[in-house]
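Okay, here's what each chain looks like letter by letter:
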Amino acid sequence: QVQLVESGGGLVQAGGSLRLSCAASGSIFRINAMGWYRQAPGKQREAVATITSGGRTSYADSVKGRFTISGDNTNNSVFLQMSSLKTEDTAVYYCTANVYVGSHFSPRDYWGQGTQVTVSS
């Protein structure tokens, strides 16, 4: 019903920058919020940043001041600008969206397949 496609991951040296993009498509009536999670090897998936359709943002403490989330409501897209990257930011980054597929449906979360971000020392 709803597909999320991420792009922009890759390999970067510590201190460098990367920009992740995610586009949602399919049976979308309205998106409440979009965001990014990450999962490092051997660790649980954790929230990185979220943005509501109204533009309210939230960040994990570990990325505050280094990462910036932004959204494009017209194109159902979300972006994550990552700067001053650290080796501990290495993880698979997943895009998520809380979506209404119709006015009579309850919203649910959808996930992308993930994009690898590797930060080398």
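This text goes with the structure placed above it.
Residues numbered from 1 in each chain as written. Predicted model: local features only at pLDDT ≥ 70, side-chain atom pairs only at ≥ 80, totals over all residues. Heavy atoms only, no water.

Brief notes about the side chain of Asp 89
- For Asp 89, the position within the fold is in the loop between β8 (77–82) and β9 (91–100).
- Classification of Asp 89 as buried rests on a relative accessible area of 1%.
- A polar contact of 2.7 Å, which involves the side chain of Asp 89, links it to the side chain of Arg 66.
- In this view, Asp 89 contacts Arg 38, Arg 66, Phe 67, Ser 84, Val 117 and Val 119; residues no more than four positions away in its chain are not counted. (Helix = DSSP H or I, 4+ residues; strand = E, 2+ residues; numbered from the N terminus. Buried < 20%, exposed > 50% of the residue type's maximum accessible area, 1.4 Å probe, protein only. Polar contact = N/O pair within 3.5 Å; in protein donor to acceptor, adjacent residues only side chain to side chain. Contact = heavy atoms within 4.5 Å.)

Remarks on the packing of aromatic side chains
- Applying the stated rule across the entire model yields one aromatic pair.
- Note on Tyr 37 and Trp 111: the rings are 5.0 Å apart at their centroids and 70 degrees apart in plane angle, and the pair reads as edge-to-face. Taken together, the residues Tyr 37 in strand β4 (residues 30–39) and Trp 111 in strand β10 (residues 108–111) connect sequence positions 74 residues apart.
- Residue Tyr 37 is classed as partly exposed on the basis of its relative accessible area of 25%.
- Just above the ring of Tyr 94 sits the side chain of Arg 45; from NZ or CZ to the centre is 3.8 Å. (Phe/Tyr/Trp six-rings, centres within 6.5 Å; stacked < 30°, edge-to-face > 60°. Lys NZ or Arg CZ within 6 Å of the ring centre and 35° of its normal.)

With respect to the pairing of β9
- The element β9 is extensively covered by neighbouring structure, given that nine of its ten residues are classed as buried.
- Here nine bridges tie β4 to β9, and the two strands are oriented antiparallel to one another. If you follow Arg 30 over to β9, its bridge partner there is Tyr 100.
- Alignment of β9 against strand β11 (residues 115–120), held across three bridges, turns out to be antiparallel. Opposite Val 92, over in β11, you have Gln 116 as the bridge partner.
- Relative to β10, β9 is paired through four bridges, and the arrangement is antiparallel. Opposite Val 99, over in β10, you have Arg 108 as the bridge partner. (Pairing = 2+ DSSP bridges.)

A few points about the sheet that holds strand β1 (residues 2–7)
- The strand order across the open sheet built from four strands is β1-β3-β8-β7, with neighbouring strands paired in antiparallel fashion. Strands with a single pairing partner mark the edges of an open sheet, and in this sheet they are β1 and β7 (67–72). Ignoring strand direction, the axes of neighbouring strands in this sheet form an average angle of 15 degrees.
- Of the pairings in the sheet, the one linking β1 to strand β3 (residues 18–26) comprises six bridges and is antiparallel in character. Residue pairing in the sheet places Glu 6 in a bridge with Cys 22 of β3. (Axes fitted to C-alpha atoms, helices over the stretch in contact; angles between N-to-C directions.)

Side note on the pattern of salt bridges
- Across all of its chains, the model carries four salt bridges by this definition.
- For Glu 46, the salt bridge identified is with Arg 38, shortest N-O distance 2.7 Å.
- Since its relative accessible area comes to 6%, Arg 38 is described here as buried.
- In this structure, Asp 61 and Lys 64 form a salt bridge, with 3.1 Å as the shortest nitrogen-oxygen distance.
- Three or more residues are tied together by salt bridges with common partners; here these are Arg 38, Glu 46, Arg 66 and Asp 89. (Salt bridge = Lys/Arg side-chain N within 4 Å of Asp/Glu carboxyl O.)

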